[in-house]
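A closer look at the structure
The chain contents come next:
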Amino acid sequence: MKDTFKHKGLRQKLVAVVKEKGIVDEKVLNAIGTVPRHLFMDSGFLDYAYKDMAFPIAADQTISQPYTVAFQTELLQVKKDDKILEIGTGSGYQTAVLLELGARVYSIERQQELFKKTSMFLPKIGYRAKKLIFGDGYKGLEEEAPFDSIIVTAGAPFVPKALLGQLKIGGRLVIPVGDAVQTMTLITRKGEKEFEQEEFGEFRFVPLLEDRN
Ligand code: SAH
């Protein structure tokens, strides 16, 4: 569980790469420069931790590419104390980036193995989510709604209705929508029944799966 000067140096290089690709929000860049991504990966992949690439974690899932994490986080426009729901906890890397920004984070994971591993790991390195939940992200988290924003970190074949209903008025949902390739989509709740939708190019995620538990 070491975070050395070497790791810190590599992280600053990663920040420069992500900036070069178009991320401008200083707070987001700071968070990428702070979260020790190498600790979120299995030791065999340590050399790759600060490359701007997605990588395998447990249970056939991936830790998202840092640029993608930064891109989605920038779209969320996180303010301190925002109440945020994340769908797809995975390694917890995106969760940690949101916590660095001062958000109150609720995160749902449907793979029990990952849920257990990440629930143990995050507090060990000082990241305390409000709640990590083992469950189906398609349903959102009605008992804690409404949220300032919701982020989906797996490719969704469609926008789950439940998530729209759990946004505050003015709240933002950032979700990659599509099958093989996804379009990064930002949906802003303008009123009780009014939603505005914007699209931000193509990304590739592991699929958001229907609940198997
Ligand atoms: N945010 C993660 C990305 C993990 S990949 C990170 O930074 O590492 C996407 C994750 O979504 C996987 O862990 C996968 O198991 C999870 N997932 C897939 N379908 C889901 C669903 N219906 N509900 C909750 N999580 C889901």
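These remarks concern the structure in this document. Every chain is numbered on its own, with residues counted from 1 as its sequence reads. Reporting in this predicted model follows two pLDDT cut-offs: at least 70 for local features of residues, and 80 or more for side-chain atom pairs to be given and counted; totals over whole chains, interfaces and linings ignore these cut-offs and use all residues. Calculated side-chain values reflect all of the structure's heavy atoms, with hydrogen atoms and water omitted.

Observations concerning the overall build of the protein
Tallying secondary structure elements over the protein gives six helices and nine strands in all. The C-alpha radius of gyration computed for the protein amounts to 16 Å, which stays within 12% of the reference 17 Å derived for 213 residues, consistent with globular compactness. Taking all 213 residues of the protein together, the buried fraction comes to 53%. When charges are counted, Lys and Arg are positive and Asp and Glu negative, with His and the chain ends excluded. For the purpose of locating charges, the reference atoms are NZ of Lys, CZ of Arg, CG of Asp and CD of Glu. One finds the centroid of the 30 positive side-chain charges in the protein at a distance of 6 Å from the centroid of its 29 negative side-chain charges. The helix and strand labels rest on DSSP assignments: H or I over at least four residues marks a helix, E over at least two residues marks a strand, and numbering proceeds from the N terminus. For the radius of gyration, the atom set is restricted to C-alpha positions; the globular benchmark scales as 2.2 Å times the number of residues to the power 0.38. Classification of residues uses two cut-offs on accessible area relative to the type maximum, computed with a 1.4 Å probe and protein chains only: under 20% is buried, over 50% is exposed, and between them is partly exposed.

Description of unusual backbone geometry
Note the cis peptide between Ala-145 and Pro-146, where omega equals 5°. Relative to the helices and strands, Pro-146 resides in the loop between β5 (131–134) and β6 (147–152). One non-glycine residue, Ala-59, adopts positive backbone phi at about 55°. You can see Ala-59 is positioned in the loop between β1 (55–56) and β2 (62–63). Of note in the backbone geometry, Gln-77 takes a positive phi value of approximately 50° without being a glycine. Look at Gln-77 and you get partly exposed, because its relative accessible area is 48%.

Focus on the packing of aromatic side chains
Classification of ring pairs uses Phe, Tyr and Trp, with its six-membered ring standing for Trp, and accepts pairs whose centres are within 6.5 Å; under 30 degrees between planes counts as stacked, over 60 as edge-to-face, and the remaining range as tilted. A full pass over the atoms with the stated rule returns 10 aromatic pairs. Ring geometry for Tyr-48 versus Phe-55: centroids 4.8 Å apart, planes at 35°, classification tilted. Taking the relative accessible area as the measure of exposure, Tyr-48 reaches 36% and is therefore partly exposed. What links up through ring pairs into an aromatic cluster is the set Tyr-67, Phe-71, Phe-200 and Phe-203. One Lys or Arg, Arg-37, reaches over the ring of Tyr-93 and ends 5.5 Å from the middle of that ring. Here, a charge over a ring is recorded when the distance from Lys NZ or Arg CZ to the ring centre is within 6 Å and its angle to the ring normal is within 35 degrees. A cation over an aromatic ring shows up here: Lys-83 above the ring of Phe-147, its NZ or CZ 5.7 Å from the ring centre.

A look at the sheet that holds strand β7 (residues 167–177)
Following DSSP output, two strands are said to pair if at least two bridges run between them. Taking strand neighbours across the sheet as the criterion, the seven strands line up as β5-β4-β3-β6-β7-β8-β9 in an open arrangement whose pairing is mixed. Of all the strands in the sheet, just β5 and β9 (195–203) have a single pairing partner and so form its edges. Averaged over all adjacent pairs, the angle separating strand axes in this sheet is 15°, with direction ignored. Looking at chain direction, strand β3 (residues 83–87) and β6 are connected through four bridges and run parallel. Looking at the pairing, Leu-85 lines up with Ile-150 of β6. What makes two residues a contact is simply this: any of their non-hydrogen atoms within 4.5 Å. Think of each axis as a best-fit line through the C-alpha atoms, taken over the contacting stretch in the case of a helix, with angles from 0 to 180 degrees between the N-to-C directions. Sitting on the sheet, helix α3 (residues 66–76) is in contact with β6, β7, β8 (182–189) and β9, with an inclination near 155° to β7. In this fold helix α4 (residues 93–100) packs onto β3, β4 (104–109) and β6, with an angle of close to 170° to the strand it touches most, β4.

A look at the packing of helix α1 (residues 5–20) against helix α2 (residues 26–34)
In a packed pair of helices, the relevant descriptors are the angle between the two axes and the axis-to-axis distance. Close contact between α1 and α2 brings their axes to 8 Å; oriented N to C, the two are set at 145°. Like other packed secondary-structure pairs, α1 and α2 cross with a definite hand, here right-handed. Between α1, through Arg-11, Gln-12, Leu-14, Val-15, Val-18 and Lys-19, and α2, the contact on the second element is made entirely by Glu-26, Leu-29, Ile-32, Gly-33 and Thr-34. Residue composition of the contact of α1 with α2, by class: five nonpolar, three polar and three charged. Rotating anticlockwise by less than a right angle from the far helix to the near helix defines a left-handed crossing, while the corresponding clockwise rotation defines a right-handed one. Under the grouping applied here, Gly and all other residues not named as nonpolar or charged are polar, the nonpolar ones being Ala, Val, Leu, Ile, Met, Phe, Trp, Tyr, Cys and Pro and the charged ones Asp, Glu, Lys and Arg.

Some thoughts on the pairing of β5
In this sheet, β5 lies alongside β4 in parallel orientation, the contact comprising four bridges. Bridged to Tyr-106 within β5 is Lys-131. Orient the strands so they point away from the viewer; a crossover is then right-handed if the path from the first strand over the helix to the second runs clockwise. Crossover β4 to β5 through helix α5 (residues 112–124) is right-handed.

Looking at the site of the ligand
Here a residue counts as near a molecule or strand whenever at least one of its heavy atoms sits within 4 Å of it. Of all residues adjacent to the ligand, which total 27 residues, the nearest are Ser-91, Glu-109, Asp-136, Gly-137 and Leu-209. Between Gln-94 and the ligand, the recorded distance is 3.2 Å, taken from a backbone N or O atom to an oxygen atom. Here the ligand loses 100% of its free accessible area of 580 Å² to cover by the protein chains. Broken down by secondary-structure element, the contributors of at least two residues to the shell around the ligand are β2, β3, α4 and β4. Polar contacts, as used here, are pairs of N or O atoms within 3.5 Å; protein pairs need one atom able to donate a hydrogen and one able to accept it. Residues neighboring in sequence count only if both atoms are side-chain atoms. Per-residue and other accessible areas were derived by the Shrake-Rupley procedure at a 1.4 Å probe size, with only the shown protein chains allowed to occlude residues.

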